[in-house]
Amino acid sequence: TCANFVSLARKGFYDGLTFHRIVKDFMIQGGDKNGDGTGSATIADLTEGGADAEYTIKGEFVANNVKNTLKFEEGILGMARSDYTSYSPSLAQESYNSGSSQFFIVTKESKFLNGYCTAFGKVIEGLDIVHKIEEAEVKVADNSSETGNTEVSTPVNPPKITSMKV
């Protein structure tokens, strides 16, 4: 997860992307080149001449048989993933291993994520900026009637990642 994130950051993948999902007192999420939570990185985003096919990485957390003891406390970075188990419980492995480029930063302790999402980094400077992003005005997503997601988490004016350096 770290190597994937660092590779994308060094290639400039995150530069200009937005925080497309903001949930006050929980997290801010970015890393989607579509800007709406539906996008992932492609192999071409990682390597020159690579295929334009999306890829996924293994989820590094206890529920996926990987020892990862980093806890979701304020400022921890996590790899976002999909949850396909609402379609069928048999899709747990596909859900666990569906991360790619989207990440989130928890804005307060979120114990329920421990063991079920990959924690892989921590904001060590600029946590005040994370909390300012968390204050952005949000609304229900424009595509909520199609997706069924009525969570009030879509920023009215999505905050932009000017550049990411690691």
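Data block above holds the structure.
Residues numbered from 1 in each chain as written. Predicted model: local features only at pLDDT ≥ 70, side-chain atom pairs only at ≥ 80, totals over all residues. Heavy atoms only, no water.

Because each turn of an α-helix spans 3.6 residues, side chains separated by three or four positions end up pointing in the same direction. Within helix α4 (residues 127-134), the full set of buried residues consists of V130, I133 and E134. One side of α4 holds all its buried residues, which, seen down the axis, span an arc of 105°. Looking at the buried side of α4, the elements it contacts are β1 (19-23), β2 (27-30) and β4 (103-106). (Buried < 20%, exposed > 50% of the residue type's maximum accessible area, 1.4 Å probe, protein only. Helix = DSSP H or I, 4+ residues; strand = E, 2+ residues; numbered from the N terminus. Arc of directions from axis to C-beta. Contact = heavy atoms within 4.5 Å.)

Right, let's talk about the side chain of Q102 for a bit. If you trace the backbone, Q102 turns up in the loop between α3 (92-96) and β4. Using a relative accessible area of 9% as the deciding quantity, one classes Q102 as buried. A distance of 2.7 Å separates the side chain of Q102 from the side chain of Q29, its partner in a polar contact. In this structure the side chain of Q102 is engaged in a polar contact, spanning 2.8 Å, whose partner is the backbone oxygen of G39. Apart from residues lying up to four places away in sequence, Q102 is in contact with H20, Q29, G30, G31, D32, G37, T38, G39, G78, M79 and A80. (Polar contact = N/O pair within 3.5 Å; in protein donor to acceptor, adjacent residues only side chain to side chain.)

With that out of the way, let us pick up the sheet that holds strand β5 (residues 118-122). Taken in spatial order, the five strands of this open sheet run β1-β2-β4-β3-β5, and their pairing is antiparallel. Each end of this open sheet is capped by a strand with a single partner; those strands are β1 and β5. Each strand of the sheet is rotated relative to its neighbour by a mean of 25°, with strand direction disregarded. Strand direction decides the pairing type here: strand β3 (residues 76-79) and β5, joined by four bridges, are antiparallel. In the sheet register, G78 faces β5, and the bridge partner there is A119. Along the sheet face, α4 touches β1, β2 and β4 and points at about 85° away from the line of β1. (Pairing = 2+ DSSP bridges. Axes fitted to C-alpha atoms, helices over the stretch in contact; angles between N-to-C directions.)

Per the stated rule, a full pass over the model turns up nine aromatic pairs. Relative to F103, the ring of F19 has its centre 6.0 Å away and its plane inclined at 80°; by these criteria the two rings are edge-to-face. Of this pair, F19 sits in strand β1 while F103 is found in strand β4, placing the two residues 84 residues apart along the sequence. For the pair F19 and F103, a shared accessibility class is recorded, and that class is buried. Consider the rings of F72 and F104, whose centres lie 5.6 Å apart with planes at 20°: the pair is stacked. Within this pair, whereas F72 is found in the loop between α2 (43-46) and β3, its partner F104 is found in strand β4, the two being separated by 32 residues in sequence. The class of F72 is buried, set by a relative accessible area of 1%. What links up through ring pairs into an aromatic cluster is the set F5, F13, Y14, F19, F103 and F120. (Phe/Tyr/Trp six-rings, centres within 6.5 Å; stacked < 30°, edge-to-face > 60°.)

Here we take up the nonpolar core. Of all hydrophobic cores here, the largest spans 22 residues; its most connected members are F5, Y14, I28, F103, I105 and M164. If you list the elements that add at least two residues to this core, you get α1 (2-10), β1, β3, β4 and α4. For Y14, the residues in contact, after removing those within four places along its chain, are F5, L8, A9, G31, S101, F103, I161 and M164. (Core = buried A, V, L, I, M, F, W, Y, C linked by side-chain atoms within 4.5 Å.)

Among the secondary structure elements, N64 is positioned in the loop between α2 and β3. On the basis of relative accessibility, which here comes to 3%, the residue N64 falls in the buried class. For the pair N64 and Y96, spaced 32 residues apart in sequence, the C-alpha separation works out to 6.6 Å. Residue contacts for N64: discarding those within four places in its chain leaves K58, G59, Q93, Y96 and N97.

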